[in-house]
Amino acid sequence: MTPRQKRMTMVAVLIAGVGVFITLLLMALNENINHFYGPKQVLAGEAPQDHSFRLGGLVVAGTVERDPNSLKITFDLTDTAESVKVQYEGILPDLFREGQGIVATGKMQGKIFLADEVLAKHDENYMPPEVADTLKEAGMTEHQGKKL
Amino acid sequence: MKLPAIVHKFSSPRNFYVMSGKLIPWFAWPCLILLVAGLYYGLIEAPADYQQGESYRIIFIHVPSAWMSMMIYMVMAIAGAIGLIWRIKMADIVASASAPIGAAFTFLALVTGSLWGKPMWGAWWVWDARLTSELILLFLYLGFIALQASIEDPRNAARAGAVLALVGVVNIPIIHYSVEWWSTLHQGATITKLDKPSIHISMLIPLLLMAVAFKLYYAASVLMRARSELLKREQNARWVREIVANES
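Just so it is clear, the model here is predicted, and its values are computed rather than measured.

Trainee: Before we move on, could you go through the overall build of chain B and cite the residues and values that matter?
Mentor: When you go through chain B residue by residue, the secondary structure sums to nine helices and zero strands. Secondary structure elements of chain B, listed N to C terminal, follow the sequence α-α-α-α-α-α-α-α-α. Against the 2.2 N^0.38 benchmark of 18 Å for 248 residues, chain B shows a C-alpha radius of gyration of 20 Å, consistent with a compact globule. Considering only C-alpha atoms, chain B reaches an extent of 60 × 35 × 30 Å along its principal axes. Expressed as a percentage of its 248 residues, the buried residues of chain B come to 42%. Nonlocal contacts in chain B, meaning residues at least 24 apart in sequence, comprise 76% of its contacts between residues at least 6 apart.

Written out as structure tokens, the structure reads:
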């Protein structure tokens, strides 16, 4: 091997080595890198029981109930398979609405998720309001194809 | 494996200096025109978003910056590898000249994202996979700059920097696929996917104008930085004295 081929091999080995190492590391840590759990995982008991975690899902239309005398709000969060009831008191982000993807931080208490923070998850669709209206009229939802 | 002769010809210090001097205006002027057009169409002509209203317009800075942060890193790592394997001095200089520009774009992507995140998500910052891996990219750039600054001999500095840049390459696919591999608060890809872009054409055009303008900006500024670094390193060479004598 010429010195140049030697250096080339070293570079290739370096990249491949680091790549394999990081791949294995990420596979081992996979669960911990996920930012949130879905309702299905929570009901299956995969989420932590004793300390706080993040729950992500879509706000189910028609389940949002606001307490008229306070900032208390309850709503159902779904991953389209299962759903969990969420209770929260505080100011919601601008994007919070029915059908919106959100990520809430909090604890399970019985069957209710008590959230102390609610963040809105935006989707990757961008369009003018008129286009969104046309899509709606055509019977498609704004969130069609959204993946959580 | 041998590099084609033209690479060696272009990368000889003198030729690089002369050629890049001629190329810079061809990058800089179109960059300026596209930047003005992109900002005009993006901030004034493009309609508001159906959900985010006017706030979405930060996309015209945020997304091109984020693309640049990854592209410049790849240029830096590839130039580093070329310098490492073929011992081409110009490649080392291009790698060093790219780092501060890449770091600046990474910083811009993080800051604009954060400014958008507060009103839209409800938080300035979350530790999800996309945001964290982009932050690691900023640290890789800063580490590269600090490492090279701490080694006096330019050849050793180039070698050490190249190894660090190559180790960090693994982060680039992680940034790109983080939104697919893990559940993140950051949304998925709008344009850089095999599917058709999920953005309306009236918003897509200014975004692409800005993306090309940013690329031209990088091309012009990396050549300028490389030229001045080259003059510094070669200050005692005969060709530099000839050029200085001709220009003054």
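Once you've had a look at it, read on.
Trainee: Can you tell me about the overall build of chain A, naming the residues and giving the values?
Mentor: A tally of helices and strands in chain A yields three helices and six strands. Along chain A, helices and strands appear, N-terminal first, in the series α-α-β-β-β-β-β-β-α. Computed over C-alpha atoms, the radius of gyration of chain A comes to 22 Å, more than 25% over the 15 Å expected from 2.2 N^0.38 for 148 residues, which places it beyond the range of a compact globule. Taken along the three principal axes of its C-alpha coordinates, chain A extends 80 × 45 × 25 Å.

Trainee: How would you summarise the interface of chain A and chain B if you had to cite specific residues and measurements?
Mentor: Each partner contributes residues to the interface: chain A has 34 residues there, and chain B has 36 residues. Elements that contribute at least two residues to the side of chain A that touches chain B include exactly α1 (3-33), β6 (112-121) and α3 (129-137) of chain A. Here the element with the most residues in the side of chain A that touches chain B is α1 of chain A; it accounts for ten residues. Considering only residue class, the side of chain A that touches chain B consists of 21 nonpolar, six polar and seven charged.

Trainee: So, the environment of Ala 219 of chain B: which residues are in play, and what are the values?
Mentor: Note that Ala 219 of chain B resides in helix α8 (residues 201-233). Between the C-alpha atoms of Ala 219 of chain B and Ile 72 of chain B, which are 147 residues apart in sequence, the distance is 9.9 Å.

Trainee: Lay out the packing of helix α2 (residues 13-45) of chain B against α8 of chain B with the relevant residues and their values.
Mentor: Residues and elements named next belong to chain B. The interhelical angle for the contact between α2 and α8, taken along N-to-C directions, is 155 degrees, at an axis separation of 7 Å. Put simply, α2 runs roughly antiparallel to α8. Taken as a pair, α2 and α8 cross one another with a handedness that is left-handed. Classifying every residue of the contact of α2 with α8 gives 27 nonpolar, four polar and one charged.

Trainee: An account of helix α6 (residues 154-168) of chain B is requested, with residue identities and associated values reported.
Mentor: Residue and element names in this part refer to chain B. For α6, with 15 residues, the first-to-last C-alpha span of 21 Å sits near the 21 Å given by 1.5 Å per residue. Taken together, the buried positions of α6 are occupied by Ala 158, Gly 161, Ala 162, Ala 165, Leu 166 and Gly 168. Down the axis of α6, the smallest arc covering the buried residues is 150 degrees, so these residues share one side.

Trainee: Hey, could you go over the pairing of strand β5 (residues 101-109) of chain A for me, with residue numbers and the actual values?
Mentor: Residue and element names in this part refer to chain A. Sheet topology places strand β1 (residues 53-59) next to β5; six bridges connect them, and they run antiparallel. Within β5, the position partnered with Phe 53 by the bridge is Gly 106. In terms of strand pairing, β5 meets β6 through nine bridges, oriented antiparallel. Its bridge partner lying in β6, Gln 109 is registered against Ile 112. The antiparallel pairing of β5 with β6 creates a hairpin that spans two residues between the two strands, and Gly 110 there sits at a positive phi of about 65 degrees.

Trainee: Describe the pairing of β6 of chain A, naming the residues involved and giving the relevant values.
Mentor: Two faces make up the sheet, and in a regular strand the side chains alternate between them. Of the pairings in the sheet, the one linking strand β4 (residues 83-89) of chain A to β6 of chain A comprises four bridges and is parallel in character. Bridging across to β6 of chain A, Lys 85 of chain A finds its partner in Ile 112 of chain A.

Trainee: How would you sum up unusual backbone geometry? Please name residues and give values.
Mentor: Residues and elements named next belong to chain A. Its identity is not glycine, yet Thr 80 carries a phi of approximately 75 degrees, on the positive side. Tracing the sequence through the fold places Thr 80 in the loop between β3 (72-78) and β4. Residue Thr 80 is classed as exposed on the basis of its 12 C-beta neighbours within 10 Å.

Trainee: Give me the lowdown on the nonpolar core, citing residues and values where you can.
Mentor: Counting residues in hydrophobic clusters, the biggest one holds 65 residues, and the most contacted among them are Ile 72, Met 76, Val 94 and Ala 213 of chain B. Once you skip the residues sitting within four places of it in the chain, Val 94 of chain B turns out to touch Ala 79, Val 222 and Ala 226 of chain B.

Trainee: Let's hear about the environment of Gln 41 of chain A: which residues, and what values?
Mentor: Residues and elements named next belong to chain A. Relative to the assigned elements, Gln 41 resides in helix α2 (residues 39-43). A C-alpha to C-alpha distance of 32 Å links Gln 41 and Val 18, two positions 23 residues apart in sequence. Not counting the four nearest positions on each side in its chain, Gln 41 is found in contact with Glu 46 and Ala 47.

Trainee: With reference to specific residues and values, describe the packing of α1 of chain A against helix α3 (residues 59-86) of chain B.
Mentor: Two numbers describe how α1 of chain A lies on α3 of chain B: the axes approach to 8 Å, and their chain directions differ by 145 degrees. Of α3 of chain B, the residues touching α1 of chain A (which contributes Arg 4, Arg 7, Met 8 and Val 11 of chain A) are Ala 81, Leu 84, Ile 85 and Trp 86 of chain B. Residues that form the contact of α1 of chain A with α3 of chain B fall into these classes: six nonpolar, no polar and two charged.

Trainee: Any chance you could break down the confidence of the model for chain B for me, citing the residues and the numbers?
Mentor: Confidence in the prediction for chain B averages 92 pLDDT; 100% of positions are at 70 or higher. If you check the scores for this complex, the pTM reads 0.88 and the ipTM reads 0.78.

Trainee: Quick one: what's the story with the environment of Ser 178 of chain B, residue by residue and with numbers?
Mentor: Residue and element names in this part refer to chain B. Mapped onto the elements, Ser 178 comes out in helix α7 (residues 171-181). Taking the C-beta count within 10 Å as the criterion, Ser 178 has 23 such neighbours and is therefore assigned buried. In this structure the C-alpha to C-alpha distance between Ser 178 and Ser 133, which are 45 residues apart in sequence, comes to 8.0 Å. In this structure Ser 178 touches Ala 129, Arg 130, Ser 133 and Thr 184, once residues within four positions along its chain are discounted.

Conventions and cut-offs
Residues numbered from 1 in each chain as written. Chains lettered and ligands numbered in written order. Predicted model: local features only at pLDDT ≥ 70, side-chain atom pairs only at ≥ 80, totals over all residues. Helix = DSSP H or I, 4+ residues; strand = E, 2+ residues; numbered from the N terminus. Rg over C-alpha atoms; globule rule 2.2 N^0.38 Å. Buried ≥ 20, exposed ≤ 12 C-beta atoms within 10 Å, placed from the backbone. Contact = placed C-beta atoms within 7 Å. Nonpolar A, V, L, I, M, F, W, Y, C, P; charged D, E, K, R; others polar. Axes fitted to C-alpha atoms, helices over the stretch in contact; angles between N-to-C directions. Parallel < 35°, antiparallel > 145°, perpendicular 65-115°, else oblique. Left-handed = near helix turned anticlockwise from the far one by under 90°. Expected span 1.5 Å × (residues − 1). Arc of directions from axis to C-beta. Pairing = 2+ DSSP bridges. Core = buried A, V, L, I, M, F, W, Y, C linked by C-beta atoms within 7 Å. pLDDT = per-residue confidence, 0-100.

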